[in-house]
Amino acid sequence: MPVQKLCTVAEMVRLNDYAYSMTLEAGEDLTSQISCGQFVHIKCGHSRLLRRPISICDWQDGLLRVVFEVRGEGTEWLSRRKAGDRLDVLGPLGHGFGLSAGKILVVGGGIGVPPMLGTAKAAAARGIEVHAALGFRDAGHRMLIQDFAEHCRSVQVVSDDGSTGRKGFVTELVEEHLAGACGGGEGCASCPDRPELPAVLACGPKPMLRAVAALCARYGAACQVSLEERMGCGVGACLVCACKTADGHMKHVCKDGPVFDAKEVDWDD
Ligand SMILES: Cc1cc2nc3c(=O)[nH]c(=O)nc-3n(C[C@H](O)[C@H](O)[C@H](O)COP(=O)(O)OP(=O)(O)OC[C@H]3O[C@@H](n4cnc5c(N)ncnc54)[C@H](O)[C@@H]3O)c2cc1C
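Quantities reported herein were computed from a predicted structural model and do not represent experimental measurements.

Analysis parameters
- Residue indices begin from 1 for each chain and proceed along its sequence in written order.
- Given that the model is predicted, a residue must reach a pLDDT of at least 70 before its local features are reported, and side-chain atom pairs must reach 80 or more before they are shown or counted; all residues, however, enter totals for whole chains, interfaces and linings.
- Side-chain metrics rest on all non-hydrogen atoms present in the structure, leaving aside hydrogens and water.
- Here, a salt bridge means any Lys or Arg side-chain nitrogen found within 4 Å of an Asp or Glu carboxyl oxygen.
- Numbering goes from the N terminus for both helices and strands, where a helix is a DSSP run of H or I of at least four residues and a strand is a run of E of at least two.
- Only protein chains enter the area calculation, which uses a 1.4 Å probe; residues under 20% of their type maximum are buried, those over 50% are exposed, and those in between are partly exposed.
- Helix span, as expected, comes to 1.5 Å for every residue beyond the first.
- Comment: arc refers to directions from the helix axis out to C-beta atoms.
- Any residue with at least one heavy atom within 4 Å of a molecule or strand is counted as near it.
- Polar contact criterion, stated in full: a pair of N or O atoms within 3.5 Å, where within protein one must be able to donate a hydrogen and the other to accept it, and residues adjacent in sequence count only if both atoms are side-chain atoms.
- Note on areas: these come from Shrake-Rupley sampling with a 1.4 Å probe, and a residue is covered only by the protein chains present in the view.
- Think of a 1 Å grid over just the protein atoms. A cavity is a set of points where a 1.4 Å probe fits yet cannot get out, a pocket is an open set with protein on both sides within 12 Å along at least five of seven lines, and lining residues have an atom within 4 Å of a point.
- Each molecule is checked against the cavity or pocket grid, and it sits inside if more than half of its atoms lie within 2 Å of the grid points.
- Asp, Glu, Lys and Arg are counted as charged, while Ala, Val, Leu, Ile, Met, Phe, Trp, Tyr, Cys and Pro are counted as nonpolar; the rest, among them Gly, fall into the polar class.
- How far each domain reaches was decided by an automatic or database domain assignment.

1. Considering the pattern of salt bridges
Next, step 1: Across all of its chains, the model carries 11 salt bridges by this definition.
Next, step 2: Across the pair Arg 153 and Glu 129 runs a salt bridge, and its minimum N-O distance is 3.6 Å. Taken as a pair, Arg 153 in the loop between α4 (145-149) and β10 (154-159) and Glu 129 in strand β9 (residues 129-136) lie far apart in primary sequence, 24 residues in all.
Next, step 3: Classification of Arg 153 by relative accessible area gives exposed; the value is 60%.
Next, step 4: A relative accessible area of 23% means that Glu 129 is categorised as partly exposed.

Rendered as structure tokens:
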């Protein structure tokens, strides 16, 4: 059951020119319920009625960490909080990533990177081999690489302009992981020599997720994606985040997601 409570800000750190890391004293009653890929809904001041959904980046011993970028009024207000301030938090909410045995490739693009850290950590704690492919716009947006390195067998970084990591898109890294030694191409999914395919878990902008899903379908890899639609209530009571699935049904991103099997998503919606 999600908990609604006032949480004290334990630490507020600026990660780069755009992103802030906020650690909250959320308590064991909240953190003991978290599974990777879930989010919290945070009230951003008395004047804003709607809470803001922010993914859970990490959690341990009653502490909960979120990482966010300033996008508008709510996140700007959040960025001005200091250690000792209290925040009204509702969570954990949503349906997160499913972890299966074998190899996992976590894929993050931009502000989709933070939830993949908690996912990598949870998977590594279960003895799963985790690799990370992270994409940023430029060096100014780079974040959390060291944190990923603590839990992942490999961490690869790309940026749009080449100012950090390799120049290119994160989808190129995904394709390299999926193609592995056999080189990929048509018919790769049925190639007897192909290496063990990782399950791909991704969060980022929708065009990136669409491309990752298409690659996984081509190579026959399992793929889960976290969709960050605009949302209202966060608990499935309103229709703000309703989206169409591939079989024509409507689902709430907040309650049924934010994580979906990539095959469930209607990528043209
Ligand atoms: C499940 C989920 C997880 C998210 N995790 C993160 C995260 O870890 N870090 C992070 O920086 N951002 C995350 N976001 C996006 C974040 O919620 C928005 O950037 C934030 O709500 C913007 O609020 P604002 O008041 O600053 O902007 P405004 O544009 O002023 O917000 C106006 C309204 O639009 C909604 N809104 C605006 N942009 C978005 C968006 N992209 N997604 C959903 N609602 C939006 C707000 O909730 C608010 O009701 C997540 C979104 C979802 C749905």
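2. Let's talk about helix α6 (residues 206-219)
Next, step 1: Its 14 residues place the ends of α6 20 Å apart at the C-alpha level, agreeing with the 20 Å of an ideal helix rising 1.5 Å per residue.
Next, step 2: The complete set of buried residues in α6 reads Met 208, Leu 209, Val 212, Ala 213, Leu 215, Cys 216 and Tyr 219. Seen end-on, α6 carries its buried residues on one side only, within an arc spanning 160°. For α6, exposure combined with an orientation more than 90 degrees from the buried face picks out Pro 207 and Ala 217.

3. Quick word on the site of the ligand
Next, step 1: Close to the ligand lie 21 residues; Arg 52, Pro 53, Gly 74, Thr 75 and Arg 230 are nearest.
Next, step 2: Gly 72 places a polar main-chain atom, nitrogen or oxygen, 2.9 Å from an oxygen atom of the ligand.
Next, step 3: When the ligand sits alone it has 820 Å² of accessible area, and the protein chains cover 86% of it.
Next, step 4: Most atoms of the ligand, that is more than half of them, are within 2 Å of grid points of the largest pocket.
Next, step 5: At the level of elements, β4 (52-55), β6 (63-69) and α2 (73-79) are the ones that each hand at least two residues to the shell around the ligand.
Next, step 6: Among the elements that take part in the shell around the ligand, β4 stands out by supplying 4 residues, more than any other.
Next, step 7: In terms of residue class, the shell around the ligand is made up of 9 nonpolar, 4 polar and 8 charged.
Next, step 8: A domain split of the shell around the ligand shows at least three residues from each of domain 1 (3-93) and domain 3 (228-269).

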